[in-house]
Amino acid sequence: IPAYHTVPVSRQLQTRSLLSVFEEDAGTLTDYTNQLLQSMQRVYGAQSEMGLATEQLSRQLLEYEKQNFALGKGDEEVISTLQQFAKTVGELNTLHSELATQMADRMIFPMIQFREKDLTEISTLREIFGIASDEHEAAMVKYSRLPKKKENEKVKAELVGEVAYSRRKQHQASMQYYCALNALQYRKRVAMLEPMLGYTQAQINFYKKGIDLVSKKMDSFLGSVSSMTQNIQAQLDSEAEAMRMTQRELLSMEDTVYMPDRDPAPVNRTLIQKAGYLNIRNKTGLVTTAWDRLYFFTQGGNLMCQPRGAVAGGMVLDLDNSSVMAVECEDRRYCFQITSPNGKTLILSSVSHLQWICTLNNISRQIYLTDNPEAVAIRLNQTAIQAVTPITSFEKRGEGSPNPDRAKPGGMQSSSGASQKTSSAPEPEDLIVPGTPIQFDIMLPASEFQDQNRAGGRRTNPFGETDDDCSPESDDSLLQQVFAVRFLGSMAVRSGQTQEVIYEAMRQVLAARAIHNIFRTTESHLMVTSSCLRYSNQSNSRRMKVTQFVAHQENGRLMGFVVEGRDWGEDDEEGEPSFSAFVFESNTEGEKICYTISLGKDIMEAKKDPEALVQLLKNMPLTNEGKFLLLDNETGNTANGGAPDEEESEA
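Conventions used here
- Residues numbered from 1 in each chain as written.
- Predicted model: local features only at pLDDT ≥ 70, side-chain atom pairs only at ≥ 80, totals over all residues.
- Heavy atoms only, no water.
- Helix = DSSP H or I, 4+ residues; strand = E, 2+ residues; numbered from the N terminus.
- Buried < 20%, exposed > 50% of the residue type's maximum accessible area, 1.4 Å probe, protein only.
- Contact = heavy atoms within 4.5 Å.
- Areas by Shrake-Rupley, 256 points an atom, 1.4 Å probe, with all protein chains shown as cover.
- Axes fitted to C-alpha atoms, helices over the stretch in contact; angles between N-to-C directions.
- Parallel < 35°, antiparallel > 145°, perpendicular 65-115°, else oblique.
- Left-handed = near helix turned anticlockwise from the far one by under 90°.
- Nonpolar A, V, L, I, M, F, W, Y, C, P; charged D, E, K, R; others polar.
- Pairing = 2+ DSSP bridges.
- Salt bridge = Lys/Arg side-chain N within 4 Å of Asp/Glu carboxyl O.
- Phe/Tyr/Trp six-rings, centres within 6.5 Å; stacked < 30°, edge-to-face > 60°.

The chain is annotated in an unreviewed UniProt entry as BAR domain-containing protein from Oncorhynchus mykiss.

(A) Up close: the overall build of the chain. On a plain count of helices and strands, the chain comes out with 14 helices and 14 strands. Across the 651 residues in the chain, those meeting the buried criterion constitute 45%. Of the contacts made within the chain by residues no fewer than 6 positions apart, 69% connect residues no fewer than 24 positions apart. For the chain, the exposed surface amounts to about 33,700 Å²; the carbon and sulfur share of it is 49%.

(B) Representation of the packing of helix H3 (residues 76–91) against helix H5 (residues 153–206). In contact at an axis separation of 11 Å, H3 and H5 are set at 25 degrees when each is read in the N-to-C sense. Judged by the inter-axis angle, H3 sits roughly parallel to H5. In terms of crossing hand, the pair formed by H3 and H5 is left-handed. Where H3 approaches H5, its residues Val78, Thr81, Leu82, Phe85 and Val89 are matched on the opposing element by Arg189, Met192, Leu193, Met196, Leu197, Tyr199 and Thr200. Taken together, the residues that form the contact of H3 with H5 break down as nine nonpolar, two polar and one charged.

(C) Summary view of the pairing of strand S5 (residues 323–327). Counting buried residues along S5, five of its five residues qualify, which places the element largely inside the surrounding structure. Summarising the sheet, S5 and strand S6 (residues 335–339) pair through five bridges and their orientation is antiparallel. Residue pairing across strands places alanine 326 opposite phenylalanine 336, the latter belonging to S6.

(D) Seen up close, the sheet that holds strand S2 (residues 289–299). Reading across the sheet, the seven strands line up as S4-S3-S2-S1-S7-S6-S5 and stay open at both edges, with antiparallel pairing between neighbours. Only two strands of the sheet have a single neighbouring strand rather than two, namely strand S4 (314–318) and S5. In this sheet, neighbouring strand axes are inclined to one another by 40 degrees on average, regardless of whether the strands run parallel or antiparallel. By the bridge criterion, nine bridges tie strand S1 (residues 275–283) to S2 in an arrangement that is antiparallel. Residue pairing in the sheet places isoleucine 280 in a bridge with aspartate 292 of S2. The sheet contacts of helix H7 (residues 353–364) involve S1, S2, strand S3 (302–306), S5 and S6, and relative to S6 the element is tilted by about 15 degrees.

(E) Main features of unusual backbone geometry. Phi is positive for asparagine 321, which is not a glycine, with a value near 60 degrees. Structurally, asparagine 321 can be placed in the loop between S4 and S5. Of note in this structure, tyrosine 334 is not a glycine but carries a positive phi near 55 degrees. A relative accessible area of 28% means that tyrosine 334 is categorised as partly exposed.

(F) Molecular detail of the packing of helix H4 (residues 100–144) against H5. The geometry of H4 relative to H5 is characterised by a closest axis approach of 7 Å and an angle of 165 degrees between their N-to-C directions. By the angle class used here, H4 and H5 are roughly antiparallel. With respect to the hand of their crossing, H4 and H5 are arranged in left-handed fashion. Residue classes in the contact of H4 with H5 are distributed as 29 nonpolar, ten polar and 13 charged.

(G) Representation of the environment of methionine 111 in the model. Along the chain, methionine 111 turns up in helix H4. Using a relative accessible area of 0% as the deciding quantity, one classes methionine 111 as buried. Sequence separation between methionine 111 and methionine 192 is 81 residues; the distance between their C-alpha atoms is 8.0 Å. What methionine 111 contacts, discounting residues up to four positions off in sequence, is Thr33, Leu36, Leu37, Met40, Ala191, Met192 and Pro195.

(H) Quick peek at the pattern of salt bridges. Throughout the structure, instances matching the rule amount to 15 salt bridges. Measuring nitrogen to oxygen at the nearest pair gives 3.9 Å for the salt bridge that ties glutamate 23 to arginine 126. Taken together, the residues span a long stretch of sequence, with glutamate 23 in helix H1 (residues 9–45) and arginine 126 in helix H4 at a distance of 103 residues. Where arginine 308 meets aspartate 134, a salt bridge forms, and the shortest distance between an N and an O atom there is 3.5 Å. Separated by 174 residues along the polypeptide, arginine 308 in the loop between S3 and S4 and aspartate 134 in helix H4 bring together distant segments of the chain.

(I) Expanded view of the packing of aromatic side chains. Scanning all chains against the criterion turns up eleven aromatic pairs. Look at tyrosine 295 and phenylalanine 297: their rings are 6.4 Å apart centre to centre, the planes differ by 40 degrees, and that puts the pair in the tilted class. By the ring-pair criterion, three or more aromatic residues cluster together here, those being Phe487, Phe561, Phe582 and Phe584.

Here's what the structure looks like:
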């Protein structure tokens, strides 16, 4: 049997579920054994009340059928046998009290031995297994708290050895505990039948009347009971020998199997189901947190958690359309974050965090709802690989560009125009040069800084007009909206006047991030005003000239735009324009950002015509400060310029 963490997911779930069922069955058996033993002791001790004691014993034997054992399959013969014994006990309730010695030897002693030896062994092994599990968790906590920057090889080696030792100890304790639980199912049957067999034989051997009255019609029945117990004992011996061989194979395994830093297996990008222990971060105060180690597994599109001692798990989070990415934590390694569409966030930690991220991303795409989820996952993975493969003139993809009808609100094409545009959609290599590198850290074209030097600090606004007052501190802007966004990637494109180039850039950027395991992003802000478009993060702030913008058709949180730059010649002559596509992710809809940019463009155009500006002001609601009021459909909060206690519309 391989180590527990290398067992397939389905088998892990089965083992955990069966362990709870077996423990419940052992508890039920303990209660019933104590009750049955009390009945037998009453028969032995209450010689003057023999009739009443044997009648109660008969009733108690019939209660075995009503115990509802969780593992009651295969006990039909035991139930029928006990029913027959109950009938016999009722007939023998007038027998003499001189049977006390024989009853003590053949009835009371086997049951006491079963309780004290077998049931007590189960309880002891359960405590040992719990202690071994706690020691293993403590060793894993020490190992996970190793410093990430300055590692002490000696301390790390000691902790690795401690983890391996605790894992081996836990595995050995679990195997002994499982073997005892399995053996108990056989010993339970023998322990239920053997005392009654001895009791009945004692009655026959010591009383001539009992022999003449009972033994003739009971010989065949008792012989069948003896054969049944022998067969059960033979099955137990065979099972015990098989388990001993398994334990020997387990003990012969090398310590490297239990070490956490052994060679990691390659990430399987086609999984749609996973289970295992994860460390989840919980808040214990305003600024303090604690990590709990719990067992998680996926079921359909849900992330489930099964606490210790529970037979089944409960739902923690709906993974559909969730975002999963790796994050940095100060007190844990291998952390990743799950963000649901409604804003709920979980931070988890696991050594196999990359496999968890890939699996949960597959589930968030709702692949599990298809007829053949594994085939769909493989096809999507191959498509992602092809997306970052350079295209030659002899190898052209058959995929068309997405329908750009959702470029921005109010920008819908007619049905005939859309069909005509689809039929003449450009090829991917006409939009982006094959083999173009993708930049995952935002960096605007160098020509922008050359523009500043040559223009004396004057900037070009995103809509093609110059404006000296393009600064975030300017208060005369009619529109001022801030969005929290995460930069995903950018790349050079051939044209800045079509929306298809943005769709193609989105496809290649997302595919490249998936192929190269780039899950980490940095949150920044995108400010849209009536005079400029400004992108800022913790280190810098830049304004950009945008020629085209559009939101993703299927994933509403994605949007992108094309920035125009200029190449300069040797004589400071303005050269041909160059274009770069930038892709962003926001928690709000990308169409809201595109709508705000479009509104800023309309305001710039309206400023040229006073009458058009007046008409625009009449059609749009304004704040108390005279700025445009943008309502957030999801949260109901207003944009900058609303009430002081309301927040800005954020992603």
